[in-house]
Amino acid sequence: MAMASLYRRSLPSPPAIDFSSSEGKKIFNEALQKGTMEGFFRLISYFQTQSEPAYCGLASLSVVLNALSIDPAWPWRWFDESMLDCCEPLEVVKEKGISFGKVVCLAHCSGAKVEAFRTNQTTIDDFRKLVMKCSTSENCHMISTYHRGVFKQTGSGHFSPIGGYNAERDMALILDVARFKYPPHWVPLKLLWEAMDSIDDSTGKRRGFMLISRPHREPGLLYTLSCKDESWISIAKYLKEDVPRLVSSQQVDSVEKILSVVFKSLPSNFNTFIRWVAELRIAEDTKQNLSAEEKSRLNLKQVVLKEVHETELFKHISKFLSTVGYEDSLTYAAAKACCQGAEILSGCSSKEFCCRETCVTCVKGPGEAEGTVVTGVVVRDGSEQNVDLLVPSTQTNCECGPEANFPAGNDVFTVLLLALPPQTWSGIKDQALMQEMKQLISMASLPTMLQEEVLHLRRQLQLLKRCQENKEEEDFAAPAF
């Protein structure tokens, strides 16, 4: 019996022209000579095939994020489809696909700069100019979402990166991520516009395109929000809705009382929502020294951590937690840190892992600088992997001498409270206390690197709220503060 297969449909030509055909090569060479294939080489270096029939949006975004060298802050410095789940669970994407607005949201959450347009928000002439812009640069790439039927192809809505442009022929190169179905191909730009200018039945809105580029600095240097499961919805609701209500409805007369009200009602799964961005490496050999790149990234994390520890809010939180004897569920002790690293390494739940032979050592970096490394063996399904977790730290002096401070619950709580919108505290009835709280969380008083760290978390919170309220299809802009 013959088995049904999706492998390689015949590419309808015209209107499309196979990239690898003699005519496709000729179009490529013409565009190359005119300088409108500059973005192609970065994209083709990271080009991938979607791993599921409905993963075209995730695969397209992975290709572009990797081509732009945006750091996802995990061991191989590499995006893949399984990591892009903060705006829609992967199970839902696998079954139903993903909308244009949620791919835009994913790009924002991953740290990219995004400009997105539906066809009713721009014109074909502007689209042509933006295709030219991305095709003549390595620093900007375009993803298009379109209906295949316009090209006489099987299927319906689809996402793929635009790999180049031949201005004389007015043809764009589609790097089709469904390579098991169709190869990369050239299409008339006018037809591409027509294919985008179609209605997505799942949203009732027109399709379009997005320009993705690098931000001026890597976001999430030390902290990031994690949405690996549905628990983020209740936690985001608590932070955005319940906290303002609690501090306004209860009699609070001090900063410590505010902290008590906030922490008393904290969801039990809170520590799965905000995470320390681990600097993880695979221990492939016995070399222990830090590379210059590793030391540079670790130094930046240590600067941010030190800036957190120097805020007045951190001092209040540390005092409060020590007073009430709060068990620090987010402290990164050696064994827990190793398991946390394993979770980031795999993108799976740490419940699937166990760690053994964990130890803490100091290693040398370039010059005489040192770094703290948690080394351990991660065991999953009987297989073992040696991992090193590079841990940032700050030094404080106490009666017994210098003391190292590592990422812990009190600094995590500090940055998250800093990331809440200023209006969170507007309902405090005591005006003097409200002003004191606003001063503690004021962005103006924070050093530049910590400001950017807090703004990144604030943007993530706003984007998650947008998804929670089903407004991601209406508002494509990055949150502004």
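For the structure, see preceding data.
These numbers were taken from a predicted model, which means no experiment stands behind them.

1. As for the packing of aromatic side chains
Step number 1: Applying the stated criterion across every chain, the model contains 12 aromatic pairs.
Step number 2: Relative to Phe 151, the ring of Tyr 146 lies with its centre 5.6 Å away and its plane at 65°, an arrangement referred to as edge-to-face.
Step number 3: Judged by relative accessible area, which is 0%, Phe 151 ranks as buried.
Step number 4: Note on Phe 263 and Phe 320: the rings are 5.6 Å apart at their centroids and 25° apart in plane angle, and the pair reads as stacked. Remark: Phe 320 occurs in helix α11 (residues 312–324) and Phe 263 occurs in helix α9 (residues 255–264); sequence separation between them is 57 residues. Neither Phe 263 nor Phe 320 differs from the other in exposure class; each is buried.
Step number 5: A network of ring pairs unites the aromatic residues Phe 19, Phe 28, Phe 40 and Phe 41 as a single cluster.

2. A word on unusual backbone geometry
Step number 1: That bond from Ser 13 to Pro 14 is cis: its omega, 0°, falls within 30 degrees of zero.
Step number 2: When you line up the elements, Pro 14 lands in the segment before β1 (17–18).
Step number 3: Note that the residue after Pro 14, namely Pro 15, is joined by a cis bond; omega there is 15°.
Step number 4: A positive phi is found at Asp 170, a non-glycine position, where the angle reads about 55°.

3. Re the packing of α9 against α11
Step number 1: Relative to each other, α9 and α11 sit at 70°, their axes nearing to 10 Å. By the angle between their axes, α9 is roughly perpendicular relative to α11. As for the relative orientation of α9 and α11, their crossing is right-handed in sense. Listed contacts from α11 to Val 255, Glu 256, Leu 259, Ser 260 and Phe 263 of α9 are His 316, Ile 317, Phe 320 and Leu 321.
Step number 2: Split by residue class, the contact of α9 with α11 holds six nonpolar, two polar and one charged.

4. Focus: the environment of Phe 314
Step number 1: Note that Phe 314 resides in helix α11.
Step number 2: Its relative accessible area of 11% is what places Phe 314 among the buried residues.
Step number 3: Sequence-distant contacts of Phe 314, defined by excluding residues within four places in its chain, comprise Val 308, His 309, Asn 410, Asp 411 and Thr 414.

5. Things to note about α11
Step number 1: Across its 13 residues, α11 extends 19 Å between first and last C-alpha, which sits within 8% of the 18 Å expected from 1.5 Å per residue.
Step number 2: Elements in contact with the buried residues of α11: α9, α10 (292–309), α13 (409–419) and α14 (431–440).

6. Describing the pairing of strand β4 (residues 157–166)
Step number 1: Across the 10 residues that make up β4, a large majority, nine, are buried.
Step number 2: As judged from the six bridges shared by strand β3 (residues 140–147) and β4, these two strands associate in the antiparallel manner. For Thr 145, the partnering residue across the bridge sits in β4 and is Phe 159.
Step number 3: Here four bridges tie β4 to strand β5 (residues 171–174), and the two strands are oriented antiparallel to one another. Its bridge partner lying in β5, Ile 162 is registered against Ile 174.
Step number 4: Hairpin geometry of β4 and β5 is characterised by an intervening segment of four residues between the two adjacent antiparallel strands and by a positive phi of about 55° at Asp 170.

Calculation criteria
Counting starts from 1 at the beginning of each chain's written sequence and moves along it residue by residue. The model is predicted, so local features are restricted to residues of pLDDT at least 70 and side-chain atom pairs to those at 80 or more, both for listing and for counting; the totals for chains, interfaces and linings are taken over all residues. Derived side-chain values reflect all non-hydrogen atoms in the structure, with water molecules and hydrogen atoms excluded from consideration. Here the aromatic set is Phe, Tyr and Trp, taking the six-membered ring for Trp, and pairing holds for ring centres within 6.5 Å; pairs whose planes are under 30 degrees apart are stacked, those over 60 apart are edge-to-face, and all others are tilted. Only protein chains enter the accessibility calculation, which uses a 1.4 Å probe; a residue whose area is less than 20% of its type maximum is buried, one above 50% is exposed, and one in between is partly exposed. Think of it this way: any DSSP run of H or I at least four residues long counts as a helix, any run of E at least two long counts as a strand, and we number them from the N terminus. Think of each axis as a best-fit line through the C-alpha atoms, taken over the contacting stretch in the case of a helix, with angles from 0 to 180 degrees between the N-to-C directions. For classification, angles of less than 35 degrees are called roughly parallel, those exceeding 145 degrees roughly antiparallel, those between 65 and 115 degrees roughly perpendicular, and all remaining angles oblique. Helix crossings get a hand from a simple test, with the near helix turned counterclockwise from the far one by less than a right angle marking a left-handed crossing and a clockwise turn marking a right-handed one. The contact criterion used throughout is that any non-hydrogen atoms of two residues lie within 4.5 Å. Ten residue types, Ala, Val, Leu, Ile, Met, Phe, Trp, Tyr, Cys and Pro, are classed as nonpolar, four, Asp, Glu, Lys and Arg, as charged, and the remainder, Gly among them, as polar. Expected span of a helix: the number of residues minus one, times 1.5 Å. Between any two strands, pairing holds if DSSP finds at least two bridges.

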